[in-house]
Amino acid sequence: MVDFSYRLLGSVYIFENPNAHRVKVGMTIGSTSTVADRLTDVNYMWLGRKATCQICGGRRLVNIKGLIPQHVGCPGGNELPLEKDVTLAESYLENLKNRLNELSGSEKGSATRIVNNLEKRIEKYRHYNQPVGEWQFRVVFYTKCAEQVELLSHKILEKHLDKLAPFGEVFCCSVSVATEAVETVLGQLGLLHSARKETKL
């Protein structure tokens, strides 16, 4: 049994989804989020229990009907998430585009950014297919400089990045390749011997 409560300053974890042939390399810092919490959150997003609002792009736990719950200041509540439908997002985008000519200065700049982000989200989810499998814990390194270790590990694994995954830090490689990347970075930073490694038995 892995002791998820153990802390130095942070943790760099590797999750695996064997059915999807993917790994996720992420990190946690401090006591507000544990590796177990992150695993639960990742599976909620992967399985569609936590989904994307069509309007604001925020992730929310869907209600019993599979809809995004009401949230302050956003008309995307009580609607299907972006993973299931893009109709509301497309309509909202069209209205924003029509209003752009009426705006100026910082208002126009802000609206343009919203338009660009919304276009990217719609394109990403237009032909979205529910991913397969579930994520499982494989390896965690408890270490100092977890944020830097994660960032540099991602650079090593960049060529394996899954750009179609519904969230970031997902790579098309094996657990051993991901583990080697993290250990390489720990070695480069002089942290390999001080880090505590735990693996799935």
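Residues numbered from 1 in each chain as written. Predicted model: local features only at pLDDT ≥ 70, side-chain atom pairs only at ≥ 80, totals over all residues. Heavy atoms only, no water.

Can you walk me through the packing of helix 4 (residues 146–157) against helix 5 (residues 175–188) in this structure?
Relative to each other, helix 4 and helix 5 sit at 125°, their axes nearing to 9 Å. With respect to helix 5, the axis of helix 4 lies oblique. Like other packed secondary-structure pairs, helix 4 and helix 5 cross with a definite hand, here right-handed. Across the interface between the two elements, Val149, Leu152, Ser153, Ile156 and Leu157 of helix 4 pack against Val177, Ala178, Ala181, Val182, Thr184, Val185 and Leu186 of helix 5. A breakdown of the residues in the contact of helix 4 with helix 5 according to their chemical character gives 10 nonpolar, 2 polar and no charged. (Axes fitted to C-alpha atoms, helices over the stretch in contact; angles between N-to-C directions. Helix = DSSP H or I, 4+ residues; strand = E, 2+ residues; numbered from the N terminus. Parallel < 35°, antiparallel > 145°, perpendicular 65-115°, else oblique. Left-handed = near helix turned anticlockwise from the far one by under 90°. Contact = heavy atoms within 4.5 Å. Nonpolar A, V, L, I, M, F, W, Y, C, P; charged D, E, K, R; others polar.)

Help me understand helix 1 (residues 35–46), please; the structure alone is not making it clear to me.
Each full turn of the α-helix corresponds to 3.6 residues, which orients residues three or four apart in the same direction. Taking 1.5 Å as the rise per residue, helix 1 with 12 residues should run 16 Å; its terminal C-alpha atoms sit 16 Å apart, in good agreement. The complete set of buried residues in helix 1 reads Val35, Arg38, Leu39, Asp41, Val42, Asn43, Met45 and Trp46. In this structure, the buried residues of helix 1 make contact with strand 1 (10–17), strand 2 (22–29), strand 3 (50–52), strand 4 (59–61) and strand 5 (136–143). Glycine 48 sits one or two residues past helix 1 and shows a positive phi near 85°. (Expected span 1.5 Å × (residues − 1). Buried < 20%, exposed > 50% of the residue type's maximum accessible area, 1.4 Å probe, protein only.)

What should I look at first to understand the packing of aromatic side chains in this one?
Aromatic rings considered in pairs are described by the distance between their centres and by the relative angle of their planes. As enumerated under the stated definition, the model contains 5 aromatic pairs in all. Measuring from ring centre to ring centre gives 4.2 Å for tyrosine 13 and phenylalanine 15, while their planes differ by 20°; the resulting arrangement is stacked. Side by side, tyrosine 13 and phenylalanine 15 carry an identical accessibility label, which is buried. Here the aromatic cluster, defined as three or more aromatic residues joined through ring pairs, consists of Trp46, Trp135 and Phe167. (Phe/Tyr/Trp six-rings, centres within 6.5 Å; stacked < 30°, edge-to-face > 60°.)

Would you mind showing me how to read the pairing of strand 2 here?
Look at any regular strand and the pattern is simple: side chains alternate between the two faces of the sheet. Bridge count between strand 1 and strand 2: 8 bridges; the pairing is antiparallel. Following the sheet pairing, tyrosine 13 is matched in strand 2 by glycine 26. Hairpin connection from strand 1 to strand 2: 4 residues lie between these consecutive antiparallel strands, with histidine 21 at a positive phi of about 55°. Alignment of strand 2 against strand 6 (residues 170–171), held across 2 bridges, turns out to be antiparallel. Across the sheet, residue valine 23 finds its bridge partner in strand 6, namely phenylalanine 171. (Pairing = 2+ DSSP bridges.)

What's the story with unusual backbone geometry in this structure? I'm lost.
Where the residue is not glycine, phi is negative for most of them; where a peptide bond is considered, it is trans in most cases. Of note in this structure, asparagine 78 is not a glycine but carries a positive phi near 60°. Tracing the backbone through its elements, the reader meets asparagine 78 in the loop between strand 4 and helix 2 (87–99). Overall, asparagine 78 belongs to the partly exposed group, its relative accessible area being 41%. Backbone geometry places glutamate 169, a non-glycine residue, at a positive phi of 70°. Residue placement: glutamate 169 occurs in the loop between helix 4 and strand 6.

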